Amino acid sequence: MMMGALYGRTTTTTLLLVLLIVSSAHSFYLPGVAPRDFQTGDALPVKVNKLSSTKTQLPYDYYYLNYCKPKNIVNNAENLGEVLRGDRIENSVYNFQMRKDESCKVACKAKLNAGSAKNFKEKIDDEYRVNMILDNLPVAVLRQRRDGSQSTTYEHGFRVGFRILDNLPVAGIKEEKYFIHNHLSFRVMYHKDPETDSARIVGFEVTPKSINHEYKDWDDKNPQLTTCNKDPKNLMQGSFVPQEVVADKEVVFTYDVSFKESEIKWASRWDTYLLMNDDQIHWFSIINSLMIVLFLSGMVAMIMMRTLYRDIANYNQLETQDEAQEETGWKLVHGDAFRPPINSGLLCVYVGTGVQIFAMTLVTMIFALLGFLSPSNRGGLMTAMVLLWVFMGLFAGYSSARLYKMFKGTEWKRNTLKTAFMFPGILFAVFFVLNALIWGEQSSGAVPFGTMFALVCLWFGISVPLVFVGSYLGFKKPAIEDPVKSNKIPRQIPEQAWYMKPVFSILIGGILPFGAVFIELFFILTSIWLNQFYYIFGFLFIVFVILLITCAEITVVLCYFQLCSEDYHWWWRSYLTAGSSALYLFLYSVFYFFTKLEITKLVSGILYFGYMIIVSYAFFVVTGTIGFYACFWFVRKIYSSVKID
């Protein structure tokens, strides 16, 4: 009765916490930088960003294609995260004046040589999109929602162009023709302040068109096109012909801009960008997953509490010598349960690294939950993760040293060096190879040498010294005492049943933690690889907490069964049991690659699997550490609760 009431109260509290976190994801959302007020006639410079494609995952600089260039191309100040994401924000020839409509304005005239035409055709083939920014708002194309509702959603950026199949006079032969979007119809929405007459920009839309512009005489100062009216209501003369991409042909780039007053307030201007087509599915999936995991957690906790209490009570009631000699189960291996494992130094390194990743993830999520890392703050999430990783080296060194000292290790400097260099070294090696491949493709996604050097400086200049400081503090602490003494001679482990063999139990242990996160994983992969905004950090935090609980519980349960079958090699197995969920994560990423993505290039495929290996490896380290610490606490607790002579 008491247990049921306690469980009921805990469930209610958990549900209230869930609702609070979900609501905080919206109530604490900060839309980014401070608002800017514009008066009528104020200059509105449009900035250009990278060309992006979900088919290749290789971003390119906007001016990689033969678009109109300003006299001086200026790279705007970028943070570390923007560079790592491949963002290259530069000035452009597109300049508006606040609340002043312009029609059929010529940006420039460009002649396409063979190389330029080839580049345009390749980017049209790979479905590249052009990204622009006005007052920190990305340009978007309107589209109808897939669920048929009246509300509209945005596609990020506009297509470079399109292609069509044209029938040739020869029967059965078709020719592909490529057309470029050389006319851009911009629409800027603004919210007006009735008192001051100033306005704030709340929307930036574009409708791309392909028009084969014609002119009689070209005047650079005041070009007059016969295919374009100055009348904003009827911009195009008659039925226009699209602009084909042909070598040695001139292309005239034009644009028009209109301003529209909007009821949307500045604080809500990102809402349309963040609107998801499948938000209902997202809600139901998360709640369903949460209910299942809460139910399983309650069941596991109740079973473990009842079984353990019975075991401890029985062991403590054994009085006669004969009964003590006939003891069975986990008490039988008390003299070996705390024997240091094989490769104990490596376990210390991985546990320390796991603590570092866990601390970085937790602090990043808290900042994201409060809205400081919203999508409007480009590169903010990546920058925060890199810097937090560097500073959390202190916790890595401390936890690794504490465990190493408990195992009676003597080479603490070597252990500290491994903690500081093993995981980052593997990551850096994979990242360097992938970056070389991106560099070979001439993509703007390649991290420049200067940024690479800055990352190395952060690693060697801040992270490594902090790991040593943490390690020093950890070694100064007294060693963790075992609750029972270890026997001098190791006990022989009896033959194990097939379902208690290490490989089977480790693989089974990873299913439940993966099951808790795989729904949210779909949305995260979609945001990364399909250029969508991810902002539901409230949900993500809930899933992260569920992951912690499931990793801890499944590891404790399997560790209990392992000790009951007189197998005391629990140190590494507890780490691998929870960490095996990373294997399922990687397998899911393979499934996602073949079912959701349209990647055809070899380099793009290598990039995808290279980055997913890095993510899976980090997931293995952090989940393994959670499982290890849960099991470590559990084993110490049960052996300190029984009387052992």
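None of the values given here were measured: they were computed from a predicted structure.

Conventions used here
- Residues numbered from 1 in each chain as written.
- Predicted model: local features only at pLDDT ≥ 70, side-chain atom pairs only at ≥ 80, totals over all residues.
- Heavy atoms only, no water.
- Helix = DSSP H or I, 4+ residues; strand = E, 2+ residues; numbered from the N terminus.
- Buried < 20%, exposed > 50% of the residue type's maximum accessible area, 1.4 Å probe, protein only.
- Contact = heavy atoms within 4.5 Å.
- Areas by Shrake-Rupley, 256 points an atom, 1.4 Å probe, with all protein chains shown as cover.
- Pairing = 2+ DSSP bridges.
- Core = buried A, V, L, I, M, F, W, Y, C linked by side-chain atoms within 4.5 Å.
- Expected span 1.5 Å × (residues − 1).
- Patch = residues over 30% accessible without salt bridge, like charges linked within 9 Å, V, L, I, M, F, W, Y side chains within 5 Å.
- Salt bridge = Lys/Arg side-chain N within 4 Å of Asp/Glu carboxyl O.
- Arc of directions from axis to C-beta.
- Disulfide = S-S within 2.5 Å.
- Axes fitted to C-alpha atoms, helices over the stretch in contact; angles between N-to-C directions.
- Parallel < 35°, antiparallel > 145°, perpendicular 65-115°, else oblique.
- Left-handed = near helix turned anticlockwise from the far one by under 90°.
- Nonpolar A, V, L, I, M, F, W, Y, C, P; charged D, E, K, R; others polar.
- Phe/Tyr/Trp six-rings, centres within 6.5 Å; stacked < 30°, edge-to-face > 60°.

Per the secondary structure count, the protein includes 17 helices and 13 strands. Considering the protein as a whole, with its 645 residues, one finds that 50% of them fall into the buried category. Across the protein, every contact between residues at least 6 apart in sequence was considered, and the portion connecting residues at least 24 apart equals 80%. Looking at the protein as shown, the accessible area adds up to about 32,000 Å², and 62% of this sits on carbon and sulfur atoms.

Let's shift gears to the pairing of strand E11 (residues 183-192). With seven of its ten residues buried, E11 lies for the most part within the structure. Two strands pair when backbone bridges link them, and E11 and strand E12 (residues 199-209) are joined in this way by ten bridges, in the antiparallel orientation. If you follow Met-189 over to E12, its bridge partner there is Gly-203. Hairpin connection from E11 to E12: six residues lie between these consecutive antiparallel strands, with Asp-197 at a positive phi of about 70 degrees. Relative to strand E13 (residues 249-261), E11 runs parallel, the two sharing eight bridges. The partner of Arg-187 across the bridge, within E13, is Ser-258.

Counting 142 residues, the largest nonpolar core has Tyr-94, Phe-96, Met-132, Phe-186 and Phe-204 as its most contacted members. Tallying contributions element by element places helix H17 (residues 602-640) first for this core, with 19 residues. Not counting residues within four places of it along the chain, the set of residues in contact with Tyr-94 comprises Leu-44, Pro-45, Val-46, Tyr-62, Ala-107, Met-132, Leu-184, Phe-186 and Tyr-255. Among the nonpolar cores identified, the runner-up in size contains twelve residues, and Ala-368, Leu-369, Leu-373 and Phe-537 belong to it.

Taking 1.5 Å of rise per residue, 26 residues should cover 38 Å, and helix H7 (residues 344-369) covers 37 Å from first to last C-alpha, within 8% of that figure. Within H7, 20 of the 26 residues are buried, which leaves it mostly tucked inside the rest of the structure. Immediately downstream of H7, the backbone of Gly-371 shows phi near 90 degrees, a positive value.

Further remarks concern a nonpolar patch on the surface. A grouping of Trp-498, Tyr-499, Phe-504, Ile-508 and Ile-511 is seen on the molecular surface, where their side chains present a nonpolar patch of about 530 Å² in accessible area. Mapped onto the secondary structure, Ile-508 falls in helix H12 (residues 502-509). Among the residues examined, Ile-508 registers a relative accessible area of 38% and is labelled partly exposed.

With that out of the way, let us pick up the pairing of strand E1 (residues 43-52). Consecutive side chains along a regular strand alternate between the two faces of the sheet. With respect to burial, E1 is a largely interior element, seven of its ten residues being buried. Bridging between E1 and strand E2 (residues 90-97) involves five bridges; their strand directions are antiparallel. By the bridge assignment, Leu-44 is partnered in E2 with Phe-96. As paired elements, E1 and strand E4 (residues 129-134) share four bridges and run antiparallel to each other. Bridging across to E4, Leu-51 finds its partner in Val-130.

Tallied over the entire structure, the rule returns 17 salt bridges. A salt bridge links Asp-197 to Arg-99, with the shortest nitrogen-to-oxygen separation between them at 3.5 Å. Separated by 98 residues along the polypeptide, Asp-197 in the loop between E11 and E12 and Arg-99 in the loop between E2 and strand E3 (102-112) bring together distant segments of the chain. A relative accessible area of 35% means that Asp-197 is categorised as partly exposed. A salt bridge links Asp-197 to Lys-192; the nearest nitrogen and oxygen atoms lie 3.3 Å apart. Beyond isolated ion pairs, a larger network of salt bridges with shared partners links Lys-50, Arg-85 and Asp-87.

The next thing to look at is H12. Buried residues of H12: Ser-505, Ile-506 and Gly-509, and no others. Buried residues in H12, looked at end-on, bunch into an arc of 100 degrees, giving them a common side. Where the residues of H12 are buried, they touch helix H13 (511-529), helix H14 (537-564) and helix H15 (571-579).

So, about the state of the cysteines. Overall, the coordinates contain one disulfide when judged by the stated rule. Cys-68 shares a disulfide with Cys-108; S-S distance 1.9 Å. Torsion about the S-S bond of the Cys-68 and Cys-108 cystine: about -80 degrees, corresponding to left-handed handedness. Separated by 40 residues along the polypeptide, Cys-68 in the loop between E1 and helix H2 (80-85) and Cys-108 in strand E3 bring together distant segments of the chain. We note that Cys-68, like Cys-108, is buried.

What follows is about the packing of H7 against helix H10 (residues 412-440). Two quantities define a packed helix pair, namely the angle between the axes and the distance from one axis to the other. Relative orientation of the contacting elements H7 and H10 amounts to 55 degrees, with a least axis distance of 9 Å. Here H10 runs oblique to H7, going by the angle between their axes. Relative to H10, H7 is oriented so that their crossing is right-handed. Side by side, H7 and H10 meet where Gly-345, Leu-346, Cys-348, Val-349, Tyr-350, Thr-353 and Ile-357 of the first sit next to Asn-415, Lys-418, Thr-419, Met-422 and Phe-423 of the second. Residues belonging to the contact of H7 with H10 are distributed by class as follows: seven nonpolar, four polar and one charged.

By convention here, two paired aromatic rings are described through the distance between centres and the angle between planes. Taken as a whole and assessed by the stated rule, the structure comprises 52 aromatic pairs. Taking the centre distance of 5.6 Å and the plane angle of 70 degrees together, the rings of Tyr-575 and Phe-620 count as edge-to-face. With Tyr-575 in helix H15 and Phe-620 in helix H17, this residue pair connects regions lying 45 residues apart in the sequence. With respect to burial, Tyr-575 and Phe-620 carry one shared label: buried.

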